Amino acid sequence: MHTIRLRAAWETAEGRGTRRFNRPTGLDAGTRVWIAWDGPANDAVLNGEAIDNVFHCGPPRFDITERLRPANVLELGTDNGAVLESVRLEIVEPESAPSSSR
C-alpha cells in the first residue's frame, strides 16, 4: 500500500474543510484508491457526491476509485485541523486489496 497525505491547502469555513487534489498517476488496472482520515466528520463529499455514511466505529475509510476525476474536490464536515491533517489517499494494489468495503 502507498499513502498520499492531503495535509496542506485546506480551506476552512463554517465548519467545513475543502481540499482540492489530482487523481494519482500511474494506477494499474485493479488498483484501488481509498480515502481515510482519523477523527470525526459530520459528512464527506467528493466531487459533489456524498461519500457513504461517515458515522461508524473506527477511522473512516472508503473506496473512491470509481469516483476519481483528473481534478477532485473533497469536502469534510469539520474544521478540526487535526482531522484535516490526517486525511490520506491509500493506494492498494490488487494482491493486497481489503476483503470488504464499507
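Throughout what follows, the structure given in this document is the object of discussion. Keep in mind the model is a prediction, meaning the values are calculated, not measured.

Right, let's get into the nonpolar core. Core analysis: the largest hydrophobic core is formed by 20 residues, its most contacted members being Ile35, Trp37, Leu74, Leu76 and Val87. Among the secondary structure elements, those contributing two or more residues to this core are β4 (32-36), β5 (44-46), β8 (71-76), α1 (81-85) and β9 (88-92). If we skip the residues at most four places from it in the chain, valine 87 touches Ile4, Arg5, Leu6, Trp10, Ile35, Ala36, Trp37, Leu74 and Leu76.

Our focus in this paragraph is the sheet that holds strand β2 (residues 11-13). As summarised here, the arrangement of the 5 strands in space is β2-β3-β8-β5-β6, forming an open sheet in which the pairing is antiparallel. Where the open sheet ends on each side, the last strands, each with one partner, are β2 and β6 (49-50). Strand direction decides the pairing type here: β5 and β6, joined by 2 bridges, are antiparallel. From the neighbouring strand, leucine 46 faces β6, where its bridge partner is glutamate 49.

Cut-offs applied
- Residues numbered from 1 in each chain as written.
- Predicted model: local features only at pLDDT ≥ 70, side-chain atom pairs only at ≥ 80, totals over all residues.
- Heavy atoms only, no water.
- Core = buried A, V, L, I, M, F, W, Y, C linked by side-chain atoms within 4.5 Å.
- Buried < 20%, exposed > 50% of the residue type's maximum accessible area, 1.4 Å probe, protein only.
- Helix = DSSP H or I, 4+ residues; strand = E, 2+ residues; numbered from the N terminus.
- Contact = heavy atoms within 4.5 Å.
- Pairing = 2+ DSSP bridges.

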